[in-house]
Amino acid sequence: GEEEEEENMYKERVEDEELLGNSIDGVVLREISMDVTDTIDVVDTSYEYDDEMSDDDDEFYFTEEEEEGNGWVQLLKSKSNHTRVFSNTFFNLIYNHGIPPRWRKIIWPFLLGVFKWTCTVGEYLEERHKVEDDYSKFVGDMGIVLERTKTTPNEELNIALAVVDGDVERCDKTYCPAGWSIEKFKSTLKEILKVYACINECVMYRQGMTDILEPLLFIVEDVSLAFACFKNIMSFAHSRFDFSAPDIESQLILLHEVIASRNPLTAQTLRFKSWEDLFFCQRWLLVDFKRELGKEKLIWLWERMWAARCLHTSNITLLLAYICLCAHSLLLPEVAIGTPLMKQFQHTCMEHHVGELFKQTQLLISQLADRKAQLDV
């Protein structure tokens, strides 16, 4: 069909082109500043909300035939000495099809940069031991830091560690790995988060980091690997939690500018409600929609977002938030900040339509890539 043909053309173009990197973000900013949105055929993301509509749960699982058909089996059997080509093939496969659930435990650390895509078995085992050794060293460093606080009190660190204890007690227990007790799950969360707080004195711990860690621990089922994955995510997400670098505030400003430029009707509704600050979207950007989605849908979404980040744009969360708001703009006039209906709106934006919303986000990214090509000519 037409949609399949368009997807195939897009996949071929991505495979043949140079990496776009963060240049798509520049296109967003240039569109705002140059006011060129009238020349772009923007996908219509406004549709009537149907309370009975929901994604088919089968979309978030793979049959063995689908694994074979999507190319997973062939790719895992293949060899390549070209790291960039090989990793991009993986990123494209994840971006378009996700990861078969039974392989996530192996592939997530590769996707998050803990291991190189082209490492040999020997190199993998060597790096795996290094991950374990590094974590043991960090645990030792934490012990030294905590011992030092007995003679030289560090009030900020003590507060951060106390917040860790409180947040973990309220953790989402559905992410407890199979065969683990809830107590083991909680104690592991606390240890990893406290280790991170002790070795990262600038950010330490902020509320929301527990949300980032829980799915990682659920998938990899290993303390040192979960820490390595968490540390790599925080290498690009730490500014969200750093009070001295108001990243979330600037992201909300950019989100409003994108809405104003590409969807004036939604911008008008926000202005009428005095919601230009988009503060109600803050938790979407802070923890990548983790609080809006059930476990299976969140895992399905996160791995595709990570692949999109590697292939196309660091602002994937922002673009997805834009699609969510525009798609559900008809609900906005009925909602009020701080009410149960607002919480329902934040949740329903993603829970019922995550598959379709991500497809629309992919189309938007494709349009921005085409626009970049036009501007570069």
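Visitor: Hey, could you run me through the overall build of the chain in this one?
Guide: Regarding its fold elements, the chain presents 18 helices and zero strands. Looking at the chain as a whole, 49% of its 377 residues are labelled buried. When contacts within the chain are restricted to residue pairs at least 6 apart in sequence, long-range pairs at least 24 apart make up 77% of them. In the structure as shown, the chain presents an accessible area of about 18400 Å², 52% of it carried by carbon and sulfur atoms.

Visitor: How should I be thinking about the packing of helix α9 (residues 182-199) against helix α10 (residues 209-220) in this particular structure?
Guide: The geometry of a pair of packed helices is captured by two quantities: the angle between their axes and the separation between those axes. Two elements in contact, α9 and α10, have axes separated by 11 Å at closest approach and are oriented at 125°. Comparing their axes, α10 and α9 come out oblique. In this structure, α9 meets α10 at a crossing whose hand is right-handed. Here F185, T188, L189, I192, L193 and Y196 of α9 lie close against α10, whose contacting residues are M209, T210, L213, E214 and L217. Of the residues in the contact of α9 with α10, the class split is eight nonpolar, two polar and one charged.

Visitor: Can you walk me through the nonpolar core in this structure?
Guide: Taken as a class, soluble globular proteins show a tendency for nonpolar side chains to be buried jointly. Membership of the largest hydrophobic core comes to 103 residues, with the highest contact counts inside it found for M209, F230, L255, L278 and L301. In terms of residue count, helix α16 (residues 316-327) provides more of this core than any other element does, 11 residues in total.

Visitor: Mind showing me how you'd approach the packing of aromatic side chains here?
Guide: Given two aromatic rings, their pairing is described by the distance between the two centres and the angle made by the two planes. According to the stated counting rule, one finds 16 aromatic pairs in the structure shown. Note on Y95 and F358: the rings are 6.0 Å apart at their centroids and 75° apart in plane angle, and the pair reads as edge-to-face. Taken together, the positions of Y95 in helix α5 (residues 83-97) and F358 in helix α18 (residues 354-376) put the pair 263 residues apart, joining distant regions of the chain. Comparing Y95 with F358, the two get one shared label, buried.

Visitor: What am I meant to see in unusual backbone geometry here?
Guide: A negative phi holds for most residues other than glycine; trans holds for most peptide bonds. In the Ramachandran plot, L278 falls in the positive-phi region, its phi being about 50° despite a non-glycine side chain. With respect to the helices, strands and loops of the structure, L278 is situated in the loop between α13 (264-272) and α14 (282-287). Accessibility expressed as a relative area gives 0% for L278, which makes it buried. Positive phi, close to 55°, is recorded for D288, a residue that is not glycine. Among the secondary structure elements, D288 is positioned in the loop between α14 and α15 (295-311).

Visitor: Got a minute to help me understand helix α6 (residues 104-111) in this structure?
Guide: Three- or four-residue spacings in an α-helix give side chains the same orientation, since the helix completes a turn every 3.6 residues. Most of α6 sits out of view: six of its eight residues are buried. Those residues of α6 not exposed but buried are R104, I107, W108, P109, F110 and L111.

Visitor: Sorry, what's going on with the environment of E303 here?
Guide: Along the chain, the position of E303 falls in helix α15. Linking E303 and W108, residues 195 residues apart in sequence, is a C-alpha distance of 7.8 Å. If we ignore the near neighbours within four places in the chain, the residues touching E303 are I94, G98, I99, R104, W108 and L111.

About the cut-offs
Sequence order sets the numbering: in each chain, residues are counted from 1 along the sequence as written. Only residues with pLDDT of 70 or above have their local features reported here, since the model is predicted, and side-chain atom pairs are shown and tallied only from 80 upward, although totals for entire chains, interfaces and linings are computed over all residues. The basis for every side-chain value is the complete set of non-hydrogen atoms in the structure, without hydrogens or water. Per the convention used, a helix needs a DSSP run of H or I reaching at least four residues, while a strand needs a run of E reaching at least two, with both numbered from the N terminus. Three exposure classes are used, based on accessible area relative to the maximum for each residue type with a 1.4 Å probe and protein chains only: buried under 20%, partly exposed in between, and exposed over 50%. Any two residues whose heavy atoms approach within 4.5 Å at even a single point are treated as in contact. Calculation of accessible area relied on Shrake-Rupley with a 1.4 Å probe; when residues are assessed, cover is drawn exclusively from the protein chains displayed. Helix axes use the C-alpha atoms of the stretch in contact, all axes being lines fitted to C-alpha atoms, and the angles between their N-to-C directions lie in the range 0 to 180 degrees. Oblique is the label for any angle not covered by the other classes, which are roughly parallel (under 35 degrees), roughly antiparallel (over 145) and roughly perpendicular (65 to 115). We call a crossing left-handed when the near helix sits turned anticlockwise from the far one by less than a right angle, and right-handed when that turn is clockwise. Amino acids are sorted into nonpolar (Ala, Val, Leu, Ile, Met, Phe, Trp, Tyr, Cys and Pro), charged (Asp, Glu, Lys and Arg) and polar (every other residue, Gly among them). Think of a nonpolar core as a cluster: buried Ala, Val, Leu, Ile, Met, Phe, Trp, Tyr and Cys residues, connected wherever their side-chain atoms sit within 4.5 Å. Any Phe, Tyr or Trp ring, taking Trp's six-membered ring, that has another such ring centre within 6.5 Å forms a pair; planes under 30 degrees apart are called stacked, those over 60 apart edge-to-face, and the others tilted.

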